[in-house]
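Structure assessment
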Amino acid sequence: MEQGMVVHNLNLKRGKCIDIKGMIPSDATCFVINLGNDNSDIGLHFNPRFDHEGDVNTIVCNSKAAGNWGEEQRETAFPFKQGEKTEICVHLEQDDLIIKLPGGQEMKFPNRLGLESASYLSVEGFHVKSLKLD
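The written sequence of each chain sets the order in which its residues are numbered from 1. For a predicted model such as this one, the threshold for reporting local features is a pLDDT of at least 70, and the threshold for listing and counting side-chain atom pairs is 80 or more; totals across whole chains, interfaces and linings nevertheless cover every residue. As a rule here, side-chain values cover all heavy atoms of the structure and leave hydrogens and water aside.

1. Points about the overall build of the protein
The line we're drawing: Under the scheme used here, helices are H or I runs from DSSP no shorter than 4 residues and strands are E runs no shorter than 2 residues, and both carry numbers assigned from the N terminus. C-alpha atoms define the radius of gyration in this analysis, and the globule rule sets the expected value at 2.2 Å times the number of residues to the power 0.38. For every residue, the accessible area (1.4 Å probe, protein chains only) is compared with the maximum for its type, and the residue is labelled buried under 20%, exposed over 50%, or partly exposed between those bounds. Note on contacts: a residue pair qualifies if any of its non-hydrogen atoms lie within 4.5 Å across the two residues. Think of it this way: Lys and Arg go in the positive column, Asp and Glu in the negative one, and His and the chain ends go nowhere. Positions of charges follow a simple convention, taking NZ of Lys, CZ of Arg, CG of Asp or CD of Glu.
Each helix and strand counted, the protein has zero helices and 14 strands in total. Moving toward the C terminus, one meets the helices and strands of the protein in the order β-β-β-β-β-β-β-β-β-β-β-β-β-β. The C-alpha radius of gyration computed for the protein amounts to 13 Å, which stays within 12% of the reference 14 Å derived for 134 residues, consistent with globular compactness. For the protein, the spread of C-alpha atoms along the three principal axes comes to 35 × 30 × 30 Å. Put simply, the protein has 134 residues, and 43% of those count as buried. Taking the contacts inside the protein whose residues are at least 6 apart along the sequence as the reference set, 62% of them involve residues at least 24 apart. In the protein, 14 positive and 20 negative side-chain charges are present, and the distance between their average locations comes to 6 Å.

Following this line, the structure appears as C-alpha cells:
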C-alpha cells in the first residue's frame, strides 16, 4: 500500500470532527485512516477494503492500545469506488467515533480508548486533497 501522510499535534477535541477529502487510486485494494494519540494508541483504525486480506467491499474498523490490536468490527455498507473522489468526516464523541461516509451513510465505532482528544492522524493508500477540523 502506498505510504501516505502523517500528522502529529492534530488537536482534534471531543465534540469536533475532522473532514478528509481526497481521491481513491483506481488500483486501490484498500486504504487506511488512523486516528489517535500515536502509532501505538489508535482510537480508530478505519480500513475500507475493496479486495484485501479476504475481505471484499467491507469496512474494517479496530483500535490499538499500547501496541495491541482489539477486536475488529466489520461494516458491509460500502459507498467507496476506486478511482473516485471521496469525503469522510470523523466525529470524536465521548462514547463513539461517528464516521460520516459518502452518500449520507454513517457508522459508529466505540471510543475504546476513551479519547478526549486525538493528536495523531495517518492516511495510507489514499490521496488526501484537504483536511479540515470543525
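2. Side note on the pairing of strand E13 (residues 120-124)
Selection criterion: Only when DSSP finds a minimum of two bridges between them are two strands counted as paired.
Taking burial as the measure, the five residues of E13 include four buried ones, the bulk of the element. One ladder, built from five bridges, connects strand E4 (residues 32-36) with E13; its direction is antiparallel. Bridged to Asn-34 within E13 is Ser-122.

3. Comments concerning unusual backbone geometry
Although it is not a glycine, Glu-53 adopts a positive phi angle of roughly 50°. Here Glu-53 shows up in the loop between strand E5 (42-52) and strand E6 (55-65). Phi angles above zero are rare outside glycine, and Ala-66 is one such case at about 50°. Counting through the fold element by element, Ala-66 comes out in the loop between E6 and strand E7 (68-69). Overall, the relative accessible area of 62% leaves Ala-66 in the exposed class.

4. Comments concerning the nonpolar core
Note that soluble globular proteins tend to have their nonpolar side chains buried in a common cluster. The criterion, for reference: Throughout this description, the term nonpolar core refers to a set of buried Ala, Val, Leu, Ile, Met, Phe, Trp, Tyr and Cys residues connected via side-chain atoms within 4.5 Å.
Among the nonpolar cores identified, the biggest contains 30 residues, and Phe-31, Leu-35, Leu-44, Phe-46, Phe-80, Ile-99 and Leu-121 are the most heavily contacted of them. Counting only elements with at least two residues in this core, the list comes to strand E3 (17-23), E4, E5, E6, strand E9 (85-92), strand E10 (96-100), strand E11 (106-110) and E13.

5. A word on the UniProt feature "domain: Galectin" (unreviewed entry) in the protein
Here is the rule: UniProt positions are given in the numbering used here, feature names are shortened, and annotations may be inferred rather than shown by experiment.
UniProt's feature table lists "domain: Galectin" (unreviewed entry) at residues 4-134, given in the numbering used throughout. Overall, residues 4-134 shows 0% helix and 58% strand. The separation of its end C-alpha atoms is 22 Å.

6. Things to note about the environment of His-52
Along the chain, His-52 turns up in strand E5. Taking relative accessible area as the criterion, His-52 reaches 23% and is therefore assigned partly exposed. Setting aside chain neighbours within four positions, we find His-52 in contact with Thr-29 and Cys-30.

7. Here's the deal with the packing of aromatic side chains
Put simply, the rule reads: When the centres of two rings from Phe, Tyr and Trp lie within 6.5 Å, Trp using its six-membered ring, the rings pair. Their planes under 30 degrees apart give stacked, over 60 give edge-to-face, and anything left gives tilted.
Enumeration over the complete set of coordinates arrives at five aromatic pairs. With 5.7 Å between their ring centres and 80° between their planes, Phe-78 and Phe-80 make a pair best called edge-to-face. For the pair shown, Phe-78 and Phe-80 are each scored as buried. An aromatic cluster is built from Phe-31, Phe-46, Phe-50, Phe-78, Phe-80 and Phe-126, whose rings are joined through pairwise contacts.

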